[in-house]
Structures are given as C-alpha cells and as structure tokens.
Amino acid sequence: MDRMIIFTGKGGVGKSTVAAAHARKAAAKGMKTLIVSTDMAHNLCDLFEQELGREPKETAPNLYALEIDPDYEMNRHYGSIMNAVKNLVTGTASQNLEAFDDLAMFPGIEELFSLIRIQEIYRGGEYEMIIVDCAPTGETLSLLKFPELLSWYMEKLFPLGKVAMKVLRPVSRQLFKLELPDAQAMNDIERLYLKLAELESLLKDRDICSIRLVAMPEKMVVEETKRSYMYLNLYNFNVDGLYINRVLLEDLGNDFFDEWIRLQSDYIKELESVFAEMPVCRIPWYDLDLNGTEGLDRIAGDCLTDDELFEVRCSASNEVFEKTKEGYVLTVCLPCAKKEEIELYQSKSDMILRIGNFKRSIPLPDTLARCQVDSARLENGRLAIGFSRNWAQ
Ligand SMILES: Nc1ncnc2c1ncn2[C@@H]1O[C@H](COP(=O)(O)OP(=O)(O)O)[C@@H](O)[C@H]1O
Ligand SMILES: [Mg+2]
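Residues numbered from 1 in each chain as written. Chains lettered and ligands numbered in written order. Predicted model: local features only at pLDDT ≥ 70, side-chain atom pairs only at ≥ 80, totals over all residues. Heavy atoms only, no water.

A. A look at the overall build of the chain. The helix and strand inventory of the chain stands at 13 helices and 15 strands. Here the chain holds 393 residues, and the buried ones make up 52% of them. Long-range contacts, defined here as pairs at least 24 residues apart, represent 72% of the contacts in the chain between residues at least 6 apart. As displayed, the chain has an accessible area near 18,500 Å², and 50% of this comes from carbon and sulfur atoms. (Helix = DSSP H or I, 4+ residues; strand = E, 2+ residues; numbered from the N terminus. Buried < 20%, exposed > 50% of the residue type's maximum accessible area, 1.4 Å probe, protein only. Contact = heavy atoms within 4.5 Å. Areas by Shrake-Rupley, 256 points an atom, 1.4 Å probe, with all protein chains shown as cover.)

So, in structure tokens, the structure goes:
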C-alpha cells in the first residue's frame, strides 16, 4: 500500500539524516521510494553525494530523490495566483475579519507549493513510499495549519460564486475592505483551493500519512519537540514515532562526557514518558561523518530494525465525539498543553480552540449545533469538552 512519512523537528537535530536512512532502508526492502526535501536548506545532495534537481532522480535502485524549489513550483502552476492571494492575505484594514489575523501571520506562503507538489506526486501513484524531509518544526507547523485556515476562509468568503464576484469587485474595497481577485485569478484560486483541500485530506489520512518527530536529548530541543507534538495534535495529524538522535553511549570513561550522559538520560526519560504511546527510537552519536550512503546505511542497520518501521503505528483519532448521559463530550488529545493557555470559543458550527498563535476550528456534528458547551476539563493531556442540550433555543 502507498505510504507517506513526514520527518520534522528542530533545525539541525538530524531530520535529513534520519529521513534519508529510512529512504535507503525502504528502497533496500524493494519498495519504490522517493525522498523529497521541502527544507529550503536542502542537503539531500550531500547525503546522497550527487547533484539533485527539480525532478526526481534515481540515486540507487528503487530510490529516487528530489529537492523541491518552491519558486519553481509556484511559477510552473500558478502565474497570477500569488498576487491575488497576497492581496487577499495582506489586504487592507481587516479588523472585522478574524481570519486575517491568522493569515497575515503566515510566513512564506511559497513553501506551501512544496507540499502541493508532493500531493501531486502522491496522486501520480508512481511510488510505494514517499519520505518527506521537512523544514524545521516552526515552519512546518505554519504550513500544516495553512490548508485548514485557507479552506475556512474561502468557505466564508467565496460561497458567492463568480458572478457575484464580478458585481462585487468594484465595491469590494469599501464594502469588505479587501481586494477581491479578478476572474483569471479566481480560476487559479479555485484550482489552488481544490488542491489544498486534497492536500489536507492526504496529510490527515491516517491510513497513508504519518508524521515522525526527530529530537536530541537536550533542553531546548525537548521543549520544542513537546510543543510541536501538542500543536500537531491540535491540528489532528497522526504522529506515530519519535527519534532521539545523538545519544551518547554509556561507556566512554571520560568525566566530561559522563556529565553529558547523565544530562541526556534525564531528557531521554522525559521524552520517553511524553511519547509513551508510540515507538521511540534511539540513535547513537556517531564519531564519524554521516554524509554519504555508508553512514546512512549504518544508521539503518543499527537502529531502524523494527519490523513495523514503515507501518502506520498509531492511528486512533485525536478527536472523539461521544454521547453521555448529560449530553455529548468532545475529547481532544493535547499532550503537554497547559490549562491556562487554552482558549475555547463556540460558534454556530465549530468549536474553536486557540493555543498561543495557533487556532483550530473543529466542525461540530449537526447534533451538537444546538448544544452549548457547559464544561471543559484537561486531564492527562486530554481536553474533554462537555455539551448539554439547550432546549431554550
Ligand atoms: N547521530 C549522529 N551522529 C553524528 N552526527 C550526526 C548524527 N545525526 C546527524 N549528524 C550530523 O549532524 C548534521 C545535521 O544533521 P541533518 O540531518 O542535516 O539535520 P537537519 O536536517 O535536522 O538540519 C549533519 O552534518 C549530520 O551528518
Ligand atoms: Mg535538513
């Protein structure tokens, strides 16, 4: 079955190395594999010791590699669209449209085109295994929340249809305080919108796609990894593995390293308890340059030995609606979240969760549309939101 695994983590922790080791292993097992890098700081060419380009290149039997150039992708497909989107996103006064707050924060919309390219490759059906070497977590998270934000925004603003759009355009500036795209861009926007909807459903398809985090046992990285895990859950992505890279081995017999080993072991314990529900793989700190296929195969041989390495390893949904005696409960998995930072709003059709700069709208089933939130409890990384029927309405 076709499968896609996305590797992400803080900058420099070893994402590319770990992703590439998986790609080598998958290809050696006979799967036709593509490794794609969406990080602007590409280094697959160093790892595979050859020039790579904008189209997949075979680097070994069954193993193809591609370094995506988002500018190239953008120009290839969507000539006029970027201007239209930029006008919409950065448009004029927008206080009355909540969505703009979030869109305006979106850094580097261009990178979204990398993910769209991957989705097209997936749909082409040529590869059994697609390994994505992603940008550092901060950027990845912005990208991952974007399809959802954009669809939300499009649905709110564009149910009007094209005819209405033409009529509205001359007055849109005054009326809506925003720039509506012209007809040509509208077609492009519709195409982009459809692609984003497809992309989002691919990324959230738990039979196909999962995200694995790469970390190192040190304070800043551990903190960022926990936050990323929480945000990925907030957006209902399936995280199904953690890799702790650069673990010092225990028998170095050197005081300086002994202290580091002690520190590392505390952070490893912490990570293992946060990620207790999924496989955690430790990768030693090698005393050699890992660039090159020999280094990658060494990691694969030493550490990537799990028989189910390429399976989806946990797939329970992060969001569950249940009927209870009093009404309904929506449970959302939010590991490592703090109670005081979660804000909840209920709109007619959505439950809106906000944590810091991240906002997620969870569509409510019809049965809940006439219910009201009457409780919220955070326990063991799970937020339980209680709804009761509101007969007065
Ligand atoms: N376990 C390890 N032992 C030794 N060096 C490592 C290990 N993992 C990664 N490296 C080295 O660290 C550097 C950064 O790794 P890289 O995979 O490029 O990180 P990222 O993609 O997260 O920025 C590379 O030079 C790589 O060879
Ligand atoms: Mg990298």
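Picking up where we left off.
B. How the structure looks around the site of ligand 1. Not every one of the 13 residues close to ligand 1 is listed here, only the nearest: Lys15, Thr17, Asn43, Asn245 and Arg246. Contacts to ligand 1 include Gly12, whose backbone N or O atom sits 3.0 Å from an oxygen atom. For ligand 1, an oxygen atom lies 2.9 Å from a polar atom in the backbone of Gly14. Protein chains bury 82% of the 560 Å² of accessible surface belonging to ligand 1 in isolation. Residues that form the shell around ligand 1 fall into these classes: five nonpolar, six polar and two charged. (Near = heavy atom within 4 Å. Polar contact = N/O pair within 3.5 Å; in protein donor to acceptor, adjacent residues only side chain to side chain. Nonpolar A, V, L, I, M, F, W, Y, C, P; charged D, E, K, R; others polar.)

C. Summary view of the side chain of His22. The topology assignment puts His22 in helix 1 (residues 15–28). Side-chain polar atoms of His22 contact the side chain of Tyr243, separated by 2.8 Å. When residues no more than four places from it in sequence are discounted, the contact partners of His22 are Phe7, Ile131, Arg212, Tyr243, Leu304, Leu309 and Phe310.

D. Region of interest: the packing of helix 10 (residues 219–234) against helix 11 (residues 255–274). Close contact between helix 10 and helix 11 brings their axes to 10 Å; oriented N to C, the two are set at 5°. Between helix 10 and helix 11, the angle falls in the class roughly parallel. Between helix 10 and helix 11, the contacting residues are Lys219, Val222, Glu223, Thr225, Lys226 and Tyr229 on the first element and Tyr267, Glu270, Leu271 and Val274 on the second. Of the residues contributing to the contact of helix 10 with helix 11, the split by class is five nonpolar, one polar and four charged. (Axes fitted to C-alpha atoms, helices over the stretch in contact; angles between N-to-C directions. Parallel < 35°, antiparallel > 145°, perpendicular 65-115°, else oblique.)

E. The nonpolar core, seen in detail. If you look at the biggest cluster of nonpolar residues, it comprises 99 residues, and the most contacted ones within it are Met4, Ile35, Ile130, Tyr243, Leu334, Leu353 and Phe387. Setting aside its immediate chain neighbours within four residues, Met4 contacts Ile118, Ile130, Val132, Leu202, Leu203, Ile208, Cys209 and Ser210. (Core = buried A, V, L, I, M, F, W, Y, C linked by side-chain atoms within 4.5 Å.)

F. Looking closely at unusual backbone geometry. Despite not being glycine, Arg246 shows a phi value in the positive range, around 60°. Examined against the element boundaries, Arg246 turns out to sit in strand 7 (residues 239–247). Residue class for Arg246 comes out partly exposed when judged on its relative accessible area of 31%.

G. Up close: the packing of helix 1 against helix 12 (residues 293–303). Helix 12 packs onto helix 1 with a crossing angle of 80° between their chain directions and a minimal axis gap of 8 Å. Taken together, the axes of helix 1 and helix 12 lie roughly perpendicular to each other. Taken together, the residues of helix 12 that come into contact with helix 1 (itself represented by Thr17, Ala20, Ala21, Arg24 and Lys25) are Thr293, Leu296, Asp297, Ile299 and Ala300. Residues belonging to the contact of helix 1 with helix 12 are distributed by class as follows: five nonpolar, two polar and three charged.

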